[in-house]
Each structure stands twice: as C-alpha cells, then as structure tokens.
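Here's the letter readout for the chains.
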Amino acid sequence: MLPPEIIDHILSFLHSDRITLETCSRAHPILFKLVQQHLYTNTIIRNDPAEIVRLSKLVSDIANYVRNLHIMIEWRGYMHFNQTGSLNEEDIAMILPKFRMLRKISLDDDTPSTWPKLHERFRAAFIQCLHLPSLIEVSIHGTREFPLTAFANCMSIKKLTLDGTLFTFNNLSADSTSPYPQIESLSIQGCHASLPPITSWAKTCNPHSLGFCPLYIPDPSELQPLLQVWSNTLTSLEIDLGLIRLFH
C-alpha cells in the first residue's frame, strides 16, 4: 500500500466526488480513517428536521474534518412559515458551535424572512462562526438586512461575497470603534444597494479585488465615492451596471 500521506493527497482531489470517497472508505480500514476528513470537508446543513437530526448524531465525529460549511435555509411554503413561525434554524444553531476548524462558511437563505427575524440563537451562533481564527472566506446569499457590523472583530476573513437580490444595505452602518477584517477580495452581486453605508464600512477594509454587480442603486452617482475609498488598494476591478439600466 502507498504511504498514508500519498493516499491522503490523492483523496484530496475527490472532495467533489462523494460517491467515490464513500466507495474508497469501504475498501480498507486504513482508507476508512483517511477518507473521513475528505468525505466531510464540504458539508451542507439544510433546515430539514430529518437532516438536522442525522447530522446531530454525526457532528461529534466529523466536526473537526469540516472546512467548508454551507447552511441552506430553504423556503417550504408560506403557509408552513406562518403556522409554525419557525424555519428550524434554532436546531441548526445547536450544531454550529461544534465546527471549530472552518475555512469557509456560506449562508443561503431563499425565504421571505429577514436577518432580524431569524431565531436569535441562530444569529448568535452564525456570528460566532465568523470570529473563528481559521475562517478566511464568507459567502452570504439572499439574506435581507444582514448587518455589516457582524464582521466587526472578525479579523481572519479575507474573502467576502454578498450575493442575492434580496440584499439591502439601507439603514446599516458600521461601528467605527471596532476593527474590521482587511478583506482582500470583495464581491457584491445582485443587491439592492444604498451605497453610503457601504462606503462608510468600506473605509475599514482595503480589498485588492472588487466585483460589483448591483441589481438596483437609488443614486448611481454614489458609486464614485465608493471607488475613491479603494483607489489606492484595488488591483482588480469588475463592475457590471447592466442590470441597473434595465430598471431606469
């Protein structure tokens, strides 16, 4: 058999092929141990009760192997949301503190709810993950009213993606007394954006790469101050205002 470090390197190329990894884990007891860390490198949590129960039983064994965690708050129908008042996000909150070695966390929310209306335990647990010293990448999609202040003191984050037409930065401001991460790569895609709060927050980070494709800007002239803030640090800039023209 090949040395474990060689096998481990080979398995690292199979992160996106879960079926093959599972097959390898059954081939030999040594392979089983080596496969575990690769099998759960990329893990998805959905707000499905049965899936949360299943993951809860595994989390103690796999948490240290998870590097990329994708949380999906899925819409299951307006009547379900109205009757229960819950999207099971509180149950997800019980699991999140177990993941202490994350390098990337993603939040994908396709519900009509807003960040303040998500369960407070979920919000607290998610923000706690943002403070992990191992975390370098964050992606948030579709979550309305997510506060930029959540990134205060999250000094390890280097890449941030804010994606989704449900995003709004209205009435958000950054706490100037708290340090913010020096984000190297920032992507703002498909958002309803009021730029002054972003500009104020942008002064706290110095991205080298910026991708900006808003769905709607109340005043496009506000784009110039934002770019001026980063004029000395940007080495890569991609702006697409094509969608805005469709709305004017």
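Quick notes on the rules
Residues numbered from 1 in each chain as written. Predicted model: local features only at pLDDT ≥ 70, side-chain atom pairs only at ≥ 80, totals over all residues. Heavy atoms only, no water. Helix = DSSP H or I, 4+ residues; strand = E, 2+ residues; numbered from the N terminus. Contact = heavy atoms within 4.5 Å. Salt bridge = Lys/Arg side-chain N within 4 Å of Asp/Glu carboxyl O. Buried < 20%, exposed > 50% of the residue type's maximum accessible area, 1.4 Å probe, protein only. Arc of directions from axis to C-beta. Core = buried A, V, L, I, M, F, W, Y, C linked by side-chain atoms within 4.5 Å. Phe/Tyr/Trp six-rings, centres within 6.5 Å; stacked < 30°, edge-to-face > 60°. Pairing = 2+ DSSP bridges. Axes fitted to C-alpha atoms, helices over the stretch in contact; angles between N-to-C directions.

(A) Spatial organisation of the environment of threonine 199. Tracing the backbone shows threonine 199 in helix α8 (residues 195-202). For the pair formed by threonine 199 and leucine 227, sequence separation is 28 residues and the distance between their alpha carbons is 8.5 Å. Among all residues touching threonine 199, those that are not within four sequence positions of it are Pro225, Leu226 and Val229.

(B) Molecular detail of the pattern of salt bridges. Per the counting criterion, the structure on display carries 5 salt bridges. In this structure, the salt-bridge partner of glutamate 51 is arginine 46, at a minimum N-O distance of 3.7 Å. We note a salt bridge from lysine 159 to glutamate 137, for which the minimum N-O separation is 3.9 Å. Of the two residues, lysine 159 is situated in strand β5 (residues 159-163) and glutamate 137 in strand β4 (residues 137-141); the sequence distance between them amounts to 22 residues. Counted as one network, the salt bridges with shared partners bring together Arg46, Glu51 and Glu74.

(C) Structural detail: helix α7 (residues 120-130). Residues Phe122, Ala125, Phe126, Cys129 and Leu130 constitute the buried set of α7. For α7, the angular spread of the buried residues around the axis is 150 degrees, confining them to a single face. Of the surrounding secondary structure, the elements contacted by the buried residues of α7 are β2 (68-73), α6 (89-95), β3 (104-109) and β4.

(D) Geometry of the nonpolar core. Counting 62 residues, the largest nonpolar core has Ile71, Leu96, Ile105, Phe122, Phe126, Leu130 and Phe151 as the members making the most contacts within it. With 5 residues, the top contributor of residues to this core is α7. Ignoring anything within four residues of it in the chain, the contact list for phenylalanine 126 reads Ile71, Leu96, Ile105, Leu107, Trp115, Ile140 and Phe146.

(E) Spotlight on the packing of aromatic side chains. The full count for this structure, using the stated rule, is 6 aromatic pairs. Seen from their ring centres, phenylalanine 122 and phenylalanine 126 are 6.2 Å apart, and the 25 degrees between their planes marks the pair as stacked. In this pair, phenylalanine 122 and phenylalanine 126 both sit in helix α7, 4 residues apart, roughly one turn of the helix. Pair check on accessibility: phenylalanine 122 and phenylalanine 126 agree, each one buried. Taken together, the aromatic side chains of Trp115, Phe122, Phe126, Phe146 and Phe151 make up a single cluster linked through ring pairs.

(F) Expanded view of the side chain of serine 139. Within the secondary structure, serine 139 is located in strand β4. On the accessibility criterion, serine 139 (17% relative accessible area) is buried.

(G) Summary view of the sheet that holds strand β6 (residues 185-189). Pairing in this open sheet of 8 strands is parallel, and the strands run β1-β2-β3-β4-β5-β6-β7-β8 from one edge to the other. Both outer strands of the open sheet, β1 (42-46) and β8 (236-239), are each paired with one neighbouring strand and no more. Mean inter-strand twist for the sheet, computed between neighbouring axes without regard to direction, equals 5 degrees. Pairing of β6 with strand β7 (residues 209-213) involves 5 bridges; the strand directions are parallel. When the bridges of β7 are listed, serine 187 appears paired with glycine 211.

Taken by themselves, the reported measurements are silent on function.
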